Amino acid sequence: MEKILEILKPKNVQFIQARASTMHTNSIELARKWGFKEHKDYPLGYKLYFHYVLEKGKIEDKTVDVERFDSERDIDDCVISVSSFFKRSKEKARDDILRIDSSDDLVSHLVIRKDGKLEGYCYALPNSLNKDIIATFHLEASNEGYLRQLLLQVIEDCLEKGGKYFLVDVIGDLLKFKDVFTNLGFDKVATWGIYEKVLS
């Protein structure tokens, strides 16, 4: 960190940001020690990691509103969702969705629609470094019931693929539904924050 600061100060960099998490030993304490302060828009807890140990098995409940992604029917609405969430162009979002949908590793690609409107959307794939972990790379739901249904279906799909852990990033609008995860038997495994240091 001393070397980073030494290099950046002469370049007139005004501030630097770093993510810190309870999953990285002492990263929060070190950020504070080096003079970083919690970012007001992304404080500790702006993102949580929950995981489900798949040996617990399938959770029996209804998933009547969940459908498999259908490109012809869903692509336009899903492009809007992904483009907005990841702050990327609609063209890039469309390319990403179609690439994911045709991926050999795809575990789940799900939608919930009501009256023609997209109310839930997610896709899940194995972690690139550890195939035992299957993670949602995008997840959204307009209410707790739809979120629960998506999670139940992904758990079932993960079990069919032979995964050991199902990992979910809980961020943004999903944070208000965090009780859904604990009620389903997920464990909170990490808390994230963004820390900032002003250099000028």
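The paragraphs below set out a description of the structure included in this document.

Reading the values: rules and limits
Residues numbered from 1 in each chain as written. Predicted model: local features only at pLDDT ≥ 70, side-chain atom pairs only at ≥ 80, totals over all residues. Heavy atoms only, no water. Helix = DSSP H or I, 4+ residues; strand = E, 2+ residues; numbered from the N terminus. Buried < 20%, exposed > 50% of the residue type's maximum accessible area, 1.4 Å probe, protein only. Disulfide = S-S within 2.5 Å. Expected span 1.5 Å × (residues − 1). Bend = angle between axes of the 7 residues up to and from the residue. Contact = heavy atoms within 4.5 Å. Polar contact = N/O pair within 3.5 Å; in protein donor to acceptor, adjacent residues only side chain to side chain. Phe/Tyr/Trp six-rings, centres within 6.5 Å; stacked < 30°, edge-to-face > 60°. Lys NZ or Arg CZ within 6 Å of the ring centre and 35° of its normal. Salt bridge = Lys/Arg side-chain N within 4 Å of Asp/Glu carboxyl O. Core = buried A, V, L, I, M, F, W, Y, C linked by side-chain atoms within 4.5 Å.

Observations concerning unusual backbone geometry
Of note, the phi angle at Lys87 is positive, near 55°, even though the residue is not glycine. Its location among the elements puts Lys87 in the loop between helix H3 (71–86) and helix H4 (90–101). The exposed category is assigned to Lys87, whose relative accessible area is 71%. For Asp115, which is not glycine, the phi torsion reads 50° and is therefore positive. Within the element layout of this structure, Asp115 appears in the loop between strand E5 (108–114) and strand E6 (117–126).

Points about the state of the cysteines
In this structure the tally under the stated criterion is 0 disulfides. Cys158 supplies the cysteine sulfur nearest to Cys122, a cysteine that is in no disulfide, at a spacing of 9.6 Å. Classification of Cys158 by relative accessible area gives buried; the value is 0%.

Examining H3
Spanning 16 residues, H3 covers only 20 Å between terminal C-alpha atoms, well under the ideal 22 Å at 1.5 Å per step. Asp77 marks where H3 bends most, by close to 35°. Turning to H3, its buried residues number three or more, namely Asp74, Ile75, Cys78, Val79, Ser81, Val82 and Ser83. Packed against the buried residues of H3 are strand E4 (66–68), H4, E5, E6 and strand E7 (133–141). Capping the start of H3 is the job of one residue whose side-chain oxygen sits 3.2 Å from the backbone nitrogen of Glu72: Asp70. The first or second residue beyond H3 is Lys87, which carries a positive phi of 55°.

A closer look at the packing of aromatic side chains
To describe a pair of aromatic rings, you give the distance between the ring centres and the angle between the ring planes. A full pass over the atoms with the stated rule returns 9 aromatic pairs. With a centroid separation of 5.4 Å and an interplanar angle of 80°, the aromatic rings of Tyr42 and Tyr46 are classed as edge-to-face. Residue Tyr42 is classed as partly exposed on the basis of its relative accessible area, which comes to 39%. Residue Tyr46 is classed as buried on the basis of its relative accessible area of 12%. When the ring of Phe181 is compared with that of Phe186, the centres are 5.5 Å apart and the planes differ by 90°; the resulting orientation is edge-to-face. This pair shows no difference in class: Phe181 is buried, exactly as Phe186 is. Three or more aromatic residues joined by ring pairs form one cluster here, namely Phe50, Tyr52, Phe166, Phe181 and Phe186. Sitting over the face of the ring of Trp192, Lys47 holds its NZ or CZ atom 4.8 Å from the ring centroid.

Focus on the side chain of His39
In this fold, His39 is placed in the loop between strand E2 (37–38) and strand E3 (47–53). A distance of 3.0 Å separates the side chain of His39 from the backbone nitrogen of Asp41, its partner in a polar contact. Ignoring any residue separated from it by four or fewer positions in sequence, one finds His39 in contact with Gln17, Ile194, Tyr195 and Glu196.

As for the pattern of salt bridges
The full count for this structure, using the stated rule, is 17 salt bridges. Where Asp77 meets Arg113, a salt bridge forms, and the shortest distance between an N and an O atom there is 2.6 Å. A residue pair is termed long-range when its members are at least 10 positions apart, and Asp77 in helix H3 and Arg113 in strand E5 qualify at 36 residues. Judged by relative accessible area, which is 27%, Asp77 ranks as partly exposed. Residue class for Arg113 comes out buried when judged on its relative accessible area of 16%. With a closest N to O distance of 3.3 Å, Asp96 and Arg99 form a salt bridge. In this pair, Asp96 and Arg99 are both assigned in helix H4, 3 residues apart and thus about one turn of the helix distant.

Points about the nonpolar core
Counting 31 residues, the largest nonpolar core has Leu139, Leu147, Leu151, Phe166, Phe181 and Phe186 as its most contacted members. In terms of residues, this core owes the most to one element, helix H5 (residues 144–161), which gives 8 residues. When residues no more than four places from it in sequence are discounted, the contact partners of Phe186 are Phe50, His51, Tyr52, Leu151, Ile155, Phe166, Val168 and Phe181. Formed by 14 residues, the second largest nonpolar core is a distinct cluster that contains Ile75, Val79, Ile97 and Leu106.

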